[in-house]
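An overview of the molecular structure
Residues per chain, in single letters:
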Amino acid sequence: MSKLTTIIGLSFAIFFLIGLATTLTRSMLIGFSDVLPVYILMGIAISMMIYEAFFDKK
């Protein structure tokens, strides 16, 4: 049950972060080079969430 709730919570957070990053690219005034740091930070945040949820067991 704990793994299931972890996967559901992670999927909601990942969908939110990806949706947040993709709404920036819809604007006509913002180019891809302006959004690239956001994509990098979102990738780092998502990978840190997955690592902490599944692999960091001390």
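Being a predicted model, the structure only gives us computed values, none of them experimental.

**Some words on the overall build of the protein chain**
Helix and strand counts for the protein chain come out as two helices and zero strands. The buried share of the protein chain, reckoned over its 58 residues, is 12%. Entry remark: accessible area of the protein chain is about 4700 Å², with carbon and sulfur atoms responsible for 75%.

**Some thoughts on the nonpolar core**
Counting residues in each nonpolar core, the largest one holds five residues, listed as Ile14, Leu17, Ala21, Met42 and Ile46. Of all the elements in the fold, those that place two or more residues in this core are helix 1 (2-25) and helix 2 (32-55). Top element by residues in this core is helix 1. It accounts for three residues. Those residues in contact with Ile46 that sit more than four places away from it in its chain are Ile14, Leu17 and Ile18.

**A few points about the packing of aromatic side chains**
Evaluated as defined, the whole model comprises one aromatic pair. Centroid distance Tyr51 to Phe55: 6.3 Å. Interplanar angle 35°. Geometry classified as tilted. Of this pair, Tyr51 and Phe55 are both found in helix 2, four residues apart, which corresponds to roughly one turn of the helix. Among the residues examined, Phe55 registers a relative accessible area of 58% and is labelled exposed.

Basis of the calculations
- Residues numbered from 1 in each chain as written.
- Predicted model: local features only at pLDDT ≥ 70, side-chain atom pairs only at ≥ 80, totals over all residues.
- Heavy atoms only, no water.
- Helix = DSSP H or I, 4+ residues; strand = E, 2+ residues; numbered from the N terminus.
- Buried < 20%, exposed > 50% of the residue type's maximum accessible area, 1.4 Å probe, protein only.
- Areas by Shrake-Rupley, 256 points an atom, 1.4 Å probe, with all protein chains shown as cover.
- Core = buried A, V, L, I, M, F, W, Y, C linked by side-chain atoms within 4.5 Å.
- Contact = heavy atoms within 4.5 Å.
- Phe/Tyr/Trp six-rings, centres within 6.5 Å; stacked < 30°, edge-to-face > 60°.

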